[in-house]
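# Reading the structure
Spelled out from the first residue to the last, the chains are:
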Amino acid sequence: MKMIQAIALALVLGGAAAAHAEQPLQRTDLIKNDIDVPGHEAVQVRVDFAPGVLALSHSHPGEEIAFVIEGTLEYQLEGRQPVTLKAGQSLFIPSGVVHSAKNVGSGKASELATYIVRKGETLVVPAK
């Protein structure tokens, strides 16, 4: 009986891992903490992009620093020319600026997004 339970558990966990791996855009919250600036907090998120995936236009209620961990991402900030970054490069995105990011490489791409934002507000605000 224990062997059947172990096999069933392995199938469930394997299916969950496969479902997680197939998601085209995956956000993983890493940390959220108050800072010394009244009414603000620091938030850090890992974002994984499957090849060709676009994170639709959005903004944040504060500043973002995007650091490309792996792959190649193209960022489009409203009113600016697109900028393409590879692993190890960073981009500063000012508060409230509408932007998007797209994996323009042939493999997976990942970024580490660090935000200094107003506490209690929605972190990702879809563009209108």
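Residues numbered from 1 in each chain as written. Predicted model: local features only at pLDDT ≥ 70, side-chain atom pairs only at ≥ 80, totals over all residues. Heavy atoms only, no water.

## Some thoughts on the nonpolar core
Among the nonpolar cores identified, the biggest contains 21 residues, and Phe49, Tyr75 and Tyr115 are the most heavily contacted of them. Those elements that place two or more of their residues in this core are strand S2 (40-49), strand S4 (62-70), strand S5 (72-77), strand S7 (90-93) and strand S9 (109-118). With sequence-adjacent residues up to four places away left out, phenylalanine 49 is seen in contact with Pro24, Leu25, Ala55, Leu73, Ala101, Asn103, Lys108, Ala109 and Glu111. (Core = buried A, V, L, I, M, F, W, Y, C linked by side-chain atoms within 4.5 Å. Buried < 20%, exposed > 50% of the residue type's maximum accessible area, 1.4 Å probe, protein only. Helix = DSSP H or I, 4+ residues; strand = E, 2+ residues; numbered from the N terminus. Contact = heavy atoms within 4.5 Å.)

## Considering the side chain of glutamate 41
On the secondary structure map, glutamate 41 appears in strand S2. At 4.1 Å, lysine 32 is the nearest oppositely charged side chain to glutamate 41, a buried residue that forms no salt bridge. Apart from residues no more than four positions distant in its own chain, glutamate 41 is found in contact with Lys32, Asn33, Asp34, Ile35, Tyr115, Ile116, Val117, Lys119 and Gly120. (Lys, Arg positive; Asp, Glu negative; His and termini not counted. Salt bridge = Lys/Arg side-chain N within 4 Å of Asp/Glu carboxyl O.)

## Some words on the side chain of aspartate 48
Mapped onto the elements of the fold, aspartate 48 is located in strand S2. Engagement of the side chain of aspartate 48 in a polar contact is seen with the side chain of arginine 46, the distance being 2.9 Å. Among the polar contacts listed, one links the side chain of aspartate 48 to the side chain of serine 110, at a separation of 2.4 Å. Residues contacting aspartate 48, with those up to four places away along its chain left out, are Pro24, Leu25, Gln26, Lys108, Ala109 and Ser110. (Polar contact = N/O pair within 3.5 Å; in protein donor to acceptor, adjacent residues only side chain to side chain.)

## With respect to the sheet that holds strand S6 (residues 83-86)
What the five strands build is an open sheet, ordered S6-S5-S8-S3-S10; its pairing is antiparallel. A strand with exactly one partner marks an edge of an open sheet, and here the two such strands are S6 and strand S10 (125-126). (Pairing = 2+ DSSP bridges.)

## Considerations on the sheet that holds S4
Read from one edge of the open sheet, five strands run S1-S2-S9-S4-S7, paired in antiparallel fashion. Since the sheet does not close on itself, it has two edges, and those belong to strand S1 (25-34) and S7, each with one partner. Neighbour-to-neighbour, the strand axes of the sheet open up by a mean angle of 15°, direction not taken into account. Across ten bridges, the pairing between S2 and S9 is antiparallel. Following the sheet pairing, glutamate 41 is matched in S9 by valine 117. (Axes fitted to C-alpha atoms, helices over the stretch in contact; angles between N-to-C directions.)

## Notes on the pairing of S5
In the sheet, S5 pairs with S6 via four bridges, with the strands oriented antiparallel. The partner of threonine 72 across the bridge, within S6, is lysine 86. Linking two consecutive strands that pair antiparallel, namely S5 and S6, is a turn of five residues; a positive phi of about 80° is found at glycine 79 within it. Of the pairings in the sheet, the one linking S5 to strand S8 (residues 99-103) comprises five bridges and is antiparallel in character. When the bridges of S8 are listed, leucine 73 appears paired with asparagine 103.

## What to know about the environment of glycine 71
Within the element layout of this structure, glycine 71 appears in the loop between S4 and S5. Residues glycine 71 and glutamate 111, 40 residues apart in the sequence, show an inter-C-alpha distance of 8.8 Å. Beyond its immediate stretch of four places on either side in the chain, glycine 71 contacts Leu85, Lys86, Ala87, Lys108 and Ala109.

Geometric values such as these leave the question of function open.
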